[in-house]
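Read off the chains here:
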Amino acid sequence: MTPTVTDLLAPVAAELEVIERRLVTELDSDSARMAATLRPIVLGGGKRLRPALVLLAGRLGSASAEALADIATGIEFIHTATLVHDDVIDESPTRRGVTAVHVREGRAAAIVSGDHYLAKGIGLCAKGGGAAVAKRVAQTVMTICSGELDAMSRSGDLGLSLAEYETAIERKTAVLTELCCYAAGVVAGLDARHLDALAGFGHDLGMAFQVADDLFDYIADSGDVGKPVGADLAQGTVTLPLILALEDAAVGSRIRDELEGGGDVAEVVTLVRASNGVARARARADEFAESARRHLAVFGDGPDVANLAAIASYVVRRSS
C-alpha cells in the first residue's frame, strides 16, 4: 500500500502539533486587526510539508527541538506570506478553501499583513538558526521576489523554454524547500558535505513537487486540487505540460492556434491531456525525485533517511 502523507509525517506528528500551537501563539501576540488578516489562512492548514521537512531533516543530526520549532514556524509564516502576496498579484478569490485576504480585507491590508508575517517569519528563523540561517533566509526571500517579478513579465509567453521554466519553479518553490533542509542541517550541526547534500535534497524535492503540481493542473479533477482544472493556464501561467505539449507534432499547432486565438481553456486542457506532454512532464518530475533521493546516499541507511526518500516519491504520486 502506498503511504499517505499522514504516514510519512508520523515520526514528527507530536512536533507538528507543537508547530500548530506556535502558529496560533504567534498570531495571538499580534494586534487583533493584524492577526485577523491571516488567521483564517493559517488555520486553514495545508499539509505543513515545509515545517515537517525542517523537523525530519533535523533528525539527521543533533538539533535543539526549540530551534527547529522556531525555524519550522518561521518558514511556515514566510510561505503563507508569499501566498497572500501571490493571491493579490493573481487576483485569486480563495486560498485553502477560504476567501483570500485581499478579497476579505482589501489589497492594501493584504500587502501589509503579508509584509508583517514575512518579517515575523524571518525573525523566527534568525532566532532559531542564528546568523548563517538568517543570511540564507534573506537570500531565499530575495530570490522568491525576483522570480515573481520575472514571472509577471512572462505571463502568457508561449515561447518559454524548458530551462526558463525550471529557473522559474526553482525560484517559486525549490529555494524554500531547500531552505527548510539547509536551516535544519545548520542547527543539527552537520558538516559541509552533509549540509550540501541535505540542501540538494530539499532543492530537488521542491522541483519534483512543483512539476507534479503543474501537471495536476491539467490531469486532476477539480475536487482533488481544490481549484478549477486549467486554473494556471487561465491566469496566463505557462508550465511544463503545456511547454512539452506545444512540441508534440500531433497537437502542438492546434494548441497554439487555440491560445493565440483566445480559445477555450477547457479545449486546451483536453489537447494537452491528449499530447505526450503529460507523460514527459511526469517523467521529469520522477527525475527530480530520483535526484533528491540520490542526495541522501551520504547519510547511509536508517529510518529517517528512508522516510525522507519516501517523501520524494510521495510528492510526485500524490493525488492533490
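Please read all numbers here as calculations on a predicted model, not as lab measurements.

(A) View of the nonpolar core. F201, L242, I255 and V315 are the most contacted members of the largest nonpolar core, which totals 102 residues. The dominant element in this core, judged by the number of residues it contributes, is helix α9 (residues 192-219), at 14 residues.

(B) Quick peek at the packing of helix α4 (residues 49-58) against helix α5 (residues 65-90). As a packed pair, α4 and α5 sit with axes 8 Å apart at the nearest point and diverge in direction by 155°. One way to sum up the angle between α4 and α5 is to call them roughly antiparallel. For α4 against α5, the interelement crossing comes out right-handed. The segment α4 lies against α5, with R50, P51, V54, L55 and G58 engaging L68, I71, A72, I75, E76 and H79.

(C) Structural detail: helix α15 (residues 277-295). Here α15 is 19 residues long and its end C-alpha atoms lie 27 Å apart, about the 27 Å a rise of 1.5 Å per residue gives. G277, V278, A281, A285, F288, A289, S291 and A292 are the residues of α15 that are buried. Each buried residue of α15 lies within a common arc of 160° when the element is viewed along its axis, so the set occupies one face. Buried-residue contacts for α15 involve α8 (162-187), α9, α12 (240-246), α14 (265-274) and α16 (303-317).

(D) The arrangement of the pattern of salt bridges in detail. On inspection of all chains with the given rule, the structure shows 24 salt bridges. In this structure, K127 engages E66 in a salt bridge whose closest nitrogen and oxygen atoms are separated by 3.9 Å. Here K127 is found in helix α7 (residues 107-153), whereas its partner E66 is found in helix α5, with 61 residues between them in sequence. Residue class for K127 comes out exposed when judged on its relative accessible area of 52%. It is possible to trace a salt-bridge network through shared partners that takes in R22, E26, D30, E66, D70, K120 and K127.

(E) Inspection of unusual backbone geometry at higher detail. Here E91, not a glycine, exhibits a phi torsion of approximately 55°, which is positive. For E91, the location among the structural elements is in the loop between α5 and β1 (94-95). Judged by relative accessible area, E91 falls into the exposed class, the value being 60%.

(F) Fine view of the environment of A100. Relative to the elements of secondary structure, A100 occurs in the loop between β2 (98-99) and α6 (101-105). Among the residues examined, A100 registers a relative accessible area of 1% and is labelled buried. When the C-alpha atoms of A100 and R284 are compared, they prove to be 32 Å apart, with 184 residues separating the residues in sequence. Beyond its immediate sequence surroundings of up to four residues, A100 is in contact with D87, S92, P93, T94 and R95.

(G) Representation of the environment of D217 in the model. Assignment of secondary structure puts D217 in helix α9. Each C-alpha atom, one on D217 and one on D232, is 6.8 Å from the other, the two residues being 15 residues apart in sequence.

(H) Seen up close, the state of the cysteines. All chains considered together, the criterion is met by zero disulfides. The closest cysteine sulfur to the non-disulfide-bonded C145 is located on C125, 15 Å from its own sulfur. Considering cysteine sulfurs only, C181 is the nearest to C180, which forms no disulfide, with 6.3 Å between them.

(I) Main features of a nonpolar patch on the surface. A contiguous nonpolar patch, built from I89, L149 and M152 and spanning about 290 Å² of accessible area, is present on the exposed surface. Relative to the assigned elements, L149 resides in helix α7. Residue classification places L149 among the exposed positions, given a relative accessible area of 58%.

(J) Spotlight on the side chain of S291. By secondary structure assignment, the location of S291 is in helix α15. Separated by 2.5 Å, the side chains of S291 and D204 make a polar contact.

Cut-offs used in this document
- All residue numbers refer to positions counted from 1 along the written sequence of the respective chain.
- For this predicted model, a pLDDT threshold of at least 70 governs which residues receive local features, and a threshold of 80 or more governs which side-chain atom pairs are given and counted, while totals over whole chains, interfaces and linings are taken from all residues.
- Remark: hydrogens and water are excluded; side-chain values derive from all non-hydrogen atoms of the structure.
- Throughout this description, the term nonpolar core refers to a set of buried Ala, Val, Leu, Ile, Met, Phe, Trp, Tyr and Cys residues connected via side-chain atoms within 4.5 Å.
- Each residue is placed in one exposure class: buried if its accessible area under a 1.4 Å probe, protein chains only, is under 20% of its type's maximum, exposed if it is over 50%, and partly exposed if it falls in between.
- Each helix is a run of DSSP H or I of at least 4 residues and each strand a run of E of at least 2, with the numbering of both proceeding from the N terminus.
- Each axis is a line fitted through C-alpha atoms, and for a helix only the stretch in contact is used; angles between axes span 0 to 180 degrees, taken between their N-to-C directions.
- What sets the label is the angle itself: under 35 degrees gives roughly parallel, over 145 gives roughly antiparallel, 65 to 115 gives roughly perpendicular, and the rest give oblique.
- Crossings are assigned a handedness: left-handed for a near helix turned anticlockwise from the far helix by less than a right angle, right-handed for a clockwise turn.
- Residue contacts are defined here by distance: any two heavy atoms, one from each residue, within 4.5 Å place the two residues in contact.
- The span expected for a helix works out to 1.5 Å for each residue beyond the first.
- What the arc covers is the set of directions going from the helix axis to the C-beta atoms.
- Think of a salt bridge as a Lys or Arg side-chain nitrogen and an Asp or Glu carboxyl oxygen that are within 4 Å of each other.
- Throughout, disulfides are identified as pairs of cysteine sulfur atoms within 2.5 Å of each other.
- Think of a patch as exposed residues, more than 30% relative accessible area, with no salt bridge, where like charges cluster within 9 Å and nonpolar side chains (Val, Leu, Ile, Met, Phe, Trp, Tyr) cluster within 5 Å.
- Reported accessibility uses the Shrake-Rupley method at a 1.4 Å probe radius. Residues are deemed covered only where the shown protein chains occlude them.
- Nitrogen and oxygen atoms within 3.5 Å of one another constitute a polar contact, given that in protein one can donate a hydrogen and the other can accept it, and given that sequence-neighbouring residues count only through two side-chain atoms.

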